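Structural description and commentary
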Amino acid sequence: MASNILITGVAGFIGRYVARYFLEVGWSVIGIDSSASENAPLASLAAYYTLRLPDSKLNEILQKHQPDVFIHCAGRAAVSLSMSEPTPDFYANTVVTYEVLNSLRLNAPHCRFIYLSSAAVYGNPESLPISETQTPAPVSPYGFHKLQSEFLCREFTQVYGLATASVRIFSAYGPGLRRQVLWDICQKVITQKTLILQGTGQESRDFIHALDITKAFRVIACDAPMQGEVYNLASGQEVTVRELATLVLNTLESNCTPQFDSVVPSGTPLNWQADVSKLKALGFTTSVPLERGVKTFANWCLAELVGV
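The structure reproduced in this document is the subject of the present report. Since the structure is predicted, the reported quantities are computational estimates derived from the model, not experimental observations.

Rules behind the numbers
- Residues numbered from 1 in each chain as written.
- Predicted model: local features only at pLDDT ≥ 70, side-chain atom pairs only at ≥ 80, totals over all residues.
- Heavy atoms only, no water.
- Salt bridge = Lys/Arg side-chain N within 4 Å of Asp/Glu carboxyl O.
- Helix = DSSP H or I, 4+ residues; strand = E, 2+ residues; numbered from the N terminus.
- Buried < 20%, exposed > 50% of the residue type's maximum accessible area, 1.4 Å probe, protein only.
- Pairing = 2+ DSSP bridges.
- Core = buried A, V, L, I, M, F, W, Y, C linked by side-chain atoms within 4.5 Å.
- Contact = heavy atoms within 4.5 Å.
- Disulfide = S-S within 2.5 Å.
- Expected span 1.5 Å × (residues − 1).
- Axes fitted to C-alpha atoms, helices over the stretch in contact; angles between N-to-C directions.
- Parallel < 35°, antiparallel > 145°, perpendicular 65-115°, else oblique.
- Left-handed = near helix turned anticlockwise from the far one by under 90°.

The tally for this structure, following the rule as stated, stands at four salt bridges. Arginine 178 is paired through a salt bridge with glutamate 304; the nearest N and O atoms lie 3.1 Å apart. One end of the pair, arginine 178, is in the loop between β7 (171-173) and α6 (180-191); the other, glutamate 304, is in helix α10 (residues 290-306), with 126 residues separating them in the sequence. For lysine 188, the salt bridge goes to aspartate 184, with nearest N and O atoms at 3.4 Å. Taken together, the positions of lysine 188 and aspartate 184, both in helix α6 and four residues apart, correspond to about one turn of that helix.

Here is the structure:
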């Protein structure tokens, strides 16, 4: 199967995991990221380009390397920012996705394209677990822009014959992530010795470790029909924020008592749990249980924040 892969956002949280995994299994990895990324790129990349998309230089890169697979990890990933700043979110997600797809159409039409979408397209789902057949109902600009990008993937598949698939990632986590609820819990417990969180504590999420995300991408790249379809990517396990906080507190041996301010930020869905049977049918299974993943993450946070 394919052995030449191009990854945008290669120095970001998920992109870095994806690059490392495909390098480990013997693929040649070409990376693209902006100079404002959160990490340095991996030194073992076959090629690395500093580029803020959209940029016409992408055409030259595609012509030169002719990737077999393209994983689009670049884009904004903040619901709260999209509420206050919808315009940059639109350009970074929807517009960039269009430009990338069009560049593929013109320069590498046989490349298989995986788009990183989000469970945010579902908004507050009508029932749990959420299957891919549920009608999307975003409640944030971020969710709408992700959904628009999914439609762009379908457009380029149906009109131009590009092989595309969109992956609706639920709550990604793992060492290296310095944002979102799990990081928020850990850094408050470690640095403030108190834990006051938004919401009621009964809000729920379905977490998926970054290591499992990378394995899912390989399954999709190699075995999916790539006809513009979408896949949920999660563990299938619902966990409340209160339960998540308890896991962290137990790992860090903290006697903090979680407190909640009962304020749910605008654009934030209340409950998520994914139906992952569609991805499992391709042969994907998760390998990182939540309890072990949270323990590893909390210990990484401890080392990051206090150097132990």
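Now that the structure has been shown, we can carry on.
For strand β2 (residues 28-33), the buried fraction is high: five of the six residues fall into the buried class. Pairing between strand β1 (residues 4-8) and β2: five bridges, direction parallel. By the bridge assignment, isoleucine 7 is partnered in β2 with glycine 31. Of the strand pairs in this sheet, β2 and strand β3 (residues 47-50) are connected by four bridges, and their pairing is parallel. Of the residues in β3, the one forming a bridge with isoleucine 32 is tyrosine 49.

Ranked by internal contacts, the top residues of the largest apolar core, which has 65 residues, are Ile14, Phe22, Ile71, Ile169, Phe217, Ile220 and Leu233. Ignoring anything within four residues of it in the chain, the contact list for phenylalanine 217 reads Ile14, Val18, Phe22, Ile71, Ile114, Leu116, Val167, Ile169 and Leu233. Grouped together as the second largest cluster of nonpolar side chains are 23 residues, Leu6, Leu53, Ala108 and Leu152 included.

Before going further, it helps to examine the state of the cysteines. In the structure shown here, the tally under the stated rule is zero disulfides. Counting only cysteine sulfurs, cysteine 111 is the nearest neighbor of cysteine 153, a cysteine outside any disulfide, at a range of 12 Å. The class of cysteine 153 is buried, set by a relative accessible area of 0%. Just so you know, cysteine 256 is unpaired, no disulfide at all, and the nearest cysteine sulfur is the one on cysteine 186, 12 Å from it. Taking the relative accessible area as the measure of exposure, cysteine 256 reaches 13% and is therefore buried.

Glancing now at helix α4 (residues 86-107). Given a rise of 1.5 Å per residue, 22 residues ought to cover 32 Å, and the 31 Å separating the end C-alpha atoms of α4 matches this to within 8%. Among all positions of α4, only Asp89, Asn93, Thr94, Val96, Thr97, Val100, Leu101, Asn102, Ser103, Leu104 and Asn107 are buried. Those residues of α4 hidden inside the fold are in contact with α2 (57-65), β4 (69-72), α3 (79-84), β5 (112-118), α5 (141-160) and β6 (163-169).

On to the pairing of β5, then. In the case of a regular strand, side chains alternate between the two sheet surfaces. Burial runs high along β5: seven of the seven residues are buried. Here β4 runs beside β5; their pairing, made up of four bridges, is parallel. Across the sheet, the residue bridging to isoleucine 71 is isoleucine 114, located in β5. Inspection of the sheet shows β5 paired to β6 by seven bridges, in the parallel sense. Residue pairing in the sheet places phenylalanine 113 in a bridge with threonine 164 of β6.

Across a sheet, strands are paired by hydrogen bonds formed along the backbone, either parallel or antiparallel in direction. Here we have seven strands laid out as an open sheet, ordered β3-β2-β1-β4-β5-β6-β11, and parallel in their pairing. Across the chains shown, the open sheet's two edge strands, defined by having one partner strand only, are β3 and β11 (227-233). Taken over all neighbouring pairs, the strand axes of this sheet differ in orientation by 15° on average, direction set aside. Packed on one face of the sheet, α2 meets β1, β2, β3 and β4 and runs near 170° to β3. Helix-sheet contacts for α4 involve β4, β5 and β6, and the interaxial angle to β4 is about 170°.

Glancing now at the packing of helix α1 (residues 13-24) against helix α7 (residues 210-223). The geometry of α1 relative to α7 is characterised by a closest axis approach of 9 Å and an angle of 60° between their N-to-C directions. In terms of orientation, α1 lies oblique with respect to α7. α1 and α7 meet at a crossing whose hand is right-handed. Residues Phe13, Ile14, Tyr17, Val18, Tyr21 and Phe22 of α1 form the contact with α7, whose participating residues are Ala210, Leu211, Ile213, Thr214, Lys215, Phe217 and Arg218.

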